[in-house]
Amino acid sequence: MDTPRRIYFDYAATTPVDQRVMDAMMPYFMEDYGNANSLYALGRDAYRALEDARERFAKGIGATHPSEITFTGCGTESDNAALLGITARKSPKGGHVIVSKFEHHAVLEPAHLLEKRGYEVTYLGPREDGIIHVEDMVVALRDDTVLVSIMHGNNEIGTIQPIKELAAAAHERGALFHTDGAQTLGKIPFDVAELGVDAASFSGHKIYGPKGVGALYLKRGTPFEPQILGGGQESKKRSGTQNVPGIVGFAKALELMLEDQAEESLRLAALREKLTNAVIERLENTEQSTTVDPAHRMPNIASLLIKGVEGEAMLLQLDNLGIAVSTGSACSSGSLEPSHVLLSIGCPPEIAHGSLRVSMGRFTTEADVDYFLEVLPPIVERLRSMSPVYDRMFGSSAR
Amino acid sequence: MLYSDKVMDHFNHPRNVGVIDDADGIGEVGNPVCGDIMKITLKIDDDKIEDIKFQTLGCGAAIATSSIVTEMARGMSLKDAVAITKKQVAEELDGLPPAKMHCSVLATDGLKVAVDDYLVKHGREPIAGEVKSADPNFDPHADEDDHDHDEA
Ligand SMILES: Cc1ncc(COP(=O)(O)O)c(C=O)c1O
Ligand code: FES
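Residues numbered from 1 in each chain as written. Chains lettered and ligands numbered in written order. Predicted model: local features only at pLDDT ≥ 70, side-chain atom pairs only at ≥ 80, totals over all residues. Heavy atoms only, no water.

(A) Geometry of helix α9 (residues 244-259) of chain A. Residue and element names in this part refer to chain A. End to end, α9 covers 23 Å across 16 residues, agreeing with the expected 22 Å (1.5 Å per residue, within 8%). When you tally the buried positions in α9, you get 12 out of 16 residues, the bulk of the element. Of the residues making up α9, those classed as buried are Val244, Pro245, Gly246, Ile247, Val248, Gly249, Phe250, Ala251, Ala253, Leu254, Leu256 and Met257. Its side-chain oxygen at 2.9 Å from the backbone nitrogen of Gly246, Asn243 defines the N-terminal cap of α9. (Helix = DSSP H or I, 4+ residues; strand = E, 2+ residues; numbered from the N terminus. Expected span 1.5 Å × (residues − 1). Buried < 20%, exposed > 50% of the residue type's maximum accessible area, 1.4 Å probe, protein only. Polar contact = N/O pair within 3.5 Å; in protein donor to acceptor, adjacent residues only side chain to side chain.)

Okay, structure coming up:
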């Protein structure tokens, strides 16, 4: 199969490591390879690099002290540790926890585990606009609510939650607040002090850093029971010899994101608008998964519902032409369930079937968007023409 | 999850797509869980499948299995056609990923329903009998035990 181009439109899934990040990491593999916990010079060098990275990372998210940053093995680990670690220390005998229905599985699965351990969990739904509304959370809060966990940017539909208001309302009822910032870190302003959160989770590979490194922000004084036990690294909060190159790369990656955040988010938002508007204009029976205004959307994620086609088929056809995207279709989920995110905003399964997520990033150009806009319509039209029900479902307007 | 080259070939170049206008038998089946729908139309002469076309709304495996089933069934007697199993379909495609085995049921069931449709229209006894994916309570997860054999 000839692939004329390679266009990566799945930056929300992962990103390539930036060359400058790679360069920053390289010395810590083969030269300064010491264990940051060793006393001799090699160890001290690694320790300095580690603590320097921690300081820079803390600064990048507006933390008051570097000790508020715990480096972990991934975003998933951070989410797990936040939910399990905070509840275990603050209210070991049980209590009430709120998470949103459209959290990443890295939050939903530990929430299920908490239920098994005797906690009561409320799964708070977003409204149709794809946003968790403060009023709805206030209704769900109880006197015994220990922790609320609501993600900042949703990884599938790209909506941004009002974290500052949500955290303030949770605090008013005495609950702690965690947010999953894996998708938004570096892409839109994320300042823990400004948002007022007690805990936040991040992942390196979403921002041109390496895979397999994450961070957990724990505001000073936040109760936390370590979930990985051993040699007591990371101030006993997360044992295990630190991944010095990964952590150095993560800190570098964050700095690079912050360098041009404002311009880059405007550039990507313009590409997102161009792409969504053109797809909707060129293809009938197509819409965005939520109608929320652009100000509440992540700049880099376009979430489209292309009715009357199946997402995996679209994905494979686009892949033939060198384009990588993702879908929330049941057929591509393994479990044969449509995306829980799309279901949570009231999207019927047959519409989620045709969902397409196009996520852009640092190396996306307008020419990439133009190419996508050129090749998508014929793919969709061909698949619709192969469908036994398209005409029936969408009437005479069908093509 | 990986599709075999043959699956990709049939997905990218599906054979016998379309609808036979004056079809002798029509079969439409759906998988209510993942939402995929398949329609087969048949031209039948002397209890043999003379022509066969399909339309499918579904994943890569659903399209590829639909396509290959039309190739397999063309020229077959009705009796042989309804005996095609999902396992044979998967083998013909050099295997299907375990999670995609249920898609091949759609293709074999569509064919069965179309054949019976023809027979019943002509006042004859159906030979394929009940078909799972025409049943709204059909559970594709129930096929799990068949998965081991057909891995791609
Ligand atoms: C919102 C969100 N949370 C958590 C994760 C998990 O991060 P990681 O892949 O580093 O475990 C991801 C990405 O997969 C994500 O998008
Ligand atoms: S038919 Fe839906 S997974 Fe193949």
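(B) Representation of the side chain of A:Ser201. Residues and elements named next belong to chain A. As for its position among the elements, Ser201 is in strand β7 (residues 199-203). From its side chain, Ser201 meets the backbone oxygen of Ser78 in a polar contact 3.4 Å long. Within the structure, Ser201 has its side chain in polar contact with the side chain of His178 (distance 2.7 Å). Once residues lying within four places of it in the same chain are set aside, the contact partners of Ser201 are Gly75, Ser78, Asp79, Ala82, His178, Thr179, Asp180, Gly181, Ala182, Ala215 and Leu216. (Contact = heavy atoms within 4.5 Å.)

(C) The sheet that holds strand β2 (residues 69-72) of chain A, seen in detail. Residue and element names in this part refer to chain A. Overall, mixed pairing links the seven strands, which are arranged β2-β8-β7-β6-β5-β3-β4 in an open sheet. Only two strands of the sheet have a single neighbouring strand rather than two, namely β2 and β4 (120-124). Strand-to-strand, the axes of this sheet are offset by a mean angle of 20 degrees, without reference to chain direction. Here five bridges tie strand β3 (residues 96-100) to β4, and the two strands are oriented parallel to one another. (Pairing = 2+ DSSP bridges. Axes fitted to C-alpha atoms, helices over the stretch in contact; angles between N-to-C directions.)

(D) Structural view of a negative patch on the surface. On the surface, a cluster of negative charge is made up of B:Asp5, B:Glu91, B:Glu92 and B:Asp94. Examined against the element boundaries, B:Glu91 turns out to sit in helix α4 (residues 86-92). (Patch = residues over 30% accessible without salt bridge, like charges linked within 9 Å, V, L, I, M, F, W, Y side chains within 5 Å. Areas by Shrake-Rupley, 256 points an atom, 1.4 Å probe, with all protein chains shown as cover. Salt bridge = Lys/Arg side-chain N within 4 Å of Asp/Glu carboxyl O. Lys, Arg positive; Asp, Glu negative; His and termini not counted. Charge placed at Lys NZ, Arg CZ, Asp CG, Glu CD.)

(E) Molecular detail of the pattern of salt bridges. Residues and elements named next belong to chain A. As enumerated under the stated definition, the model contains 31 salt bridges over all chains in all. A salt bridge links Arg127 to Glu135; its shortest N-O distance comes to 3.7 Å. Glu135 sits in the partly exposed class, given a relative accessible area of 46%. When salt bridges with common partners are traced through the structure, they connect Asp18, Arg20 and Arg362 into a single cluster.

(F) Quick peek at the interface of chain B and chain A. In this assembly, 29 residues from chain B lie in contact with 24 residues from chain A. Buried area between chain B and chain A, summed over both chains or domains, comes out near 1900 Å², and the portion from carbon and sulfur atoms is 62%. Across the contact surface, chain B and chain A share two salt bridges. Residues B:Lys100 and A:Glu312 are paired through a salt bridge, measuring 2.6 Å at the closest nitrogen-oxygen approach. Going through the elements one at a time, α1 (5-12), β2 (36-45), β3 (48-57) and α2 (60-73) of chain B are the ones with two or more residues in the side of chain B that touches chain A. Among the residues forming the side of chain B that touches chain A, the class breakdown is 17 nonpolar, eight polar and four charged. (Buried area = accessible area lost by both parts, 1.4 Å probe. Nonpolar A, V, L, I, M, F, W, Y, C, P; charged D, E, K, R; others polar.)

(G) Region of interest: a nonpolar patch on the surface. Residues and elements named next belong to chain A. A cluster of nonpolar side chains, contributed by Val17, Met22, Met26, Phe29 and Met30, occupies part of the molecular surface with about 480 Å² of accessible area. Structurally, Met22 is set in helix α1 (residues 19-25). Exposure remark for Met22: the relative accessible area of 32% places this residue in the partly exposed category.

(H) Structural context of the nonpolar core. All names here are of chain A. One finds Phe9, Phe372 and Leu376 to be the most contacted residues of the largest nonpolar core, which totals 74 residues. Ignoring sequence-local partners within four residues, the contact set of Phe9 consists of Leu275, Ile323, Ala324, Val325, Arg357, Val358, Ser359, Met360, Thr364, Asp368, Val369 and Phe372. Membership of the second largest hydrophobic core comes to 62 residues, among which are Ala49, Phe102, Leu195 and Phe202. (Core = buried A, V, L, I, M, F, W, Y, C linked by side-chain atoms within 4.5 Å.)

(I) How the structure looks around the side chain of A:Asp198. Along the polypeptide, A:Asp198 turns up in the loop between α8 (192-195) and β7. In this structure, A:Asp198 is buried with no salt-bridge partner, the nearest side chain bearing the opposite charge being A:Lys219 at 4.8 Å.

(J) Expanded view of the site of ligand 1. Residue and element names in this part refer to chain A. Surveying the vicinity of ligand 1 reveals 13 residues, the closest of which are Thr76, Asp180, Ser203, His205 and Lys206. About the coverage of ligand 1: the protein hides 87% of its 390 Å² of free accessible area. It is helix α4 (residues 75-90) that provides the largest number of residues to the shell around ligand 1, a total of three residues. The residue inventory of the shell around ligand 1, partitioned by class, reads three nonpolar, seven polar and three charged. (Near = heavy atom within 4 Å.)

(K) Quick peek at unusual backbone geometry. Backbone geometry at A:Tyr208 places phi at a positive 70 degrees, although glycine is not the residue there. Here A:Tyr208 shows up in the loop between β7 and β8 (214-218). Phi is positive for B:Asn16, close to 60 degrees, though the residue is something other than glycine. Tracing the chain through its elements places B:Asn16 in the loop between α1 and β1 (25-31). Looking at B:Asn16, the relative accessible area reads 22%, which means it is partly exposed.

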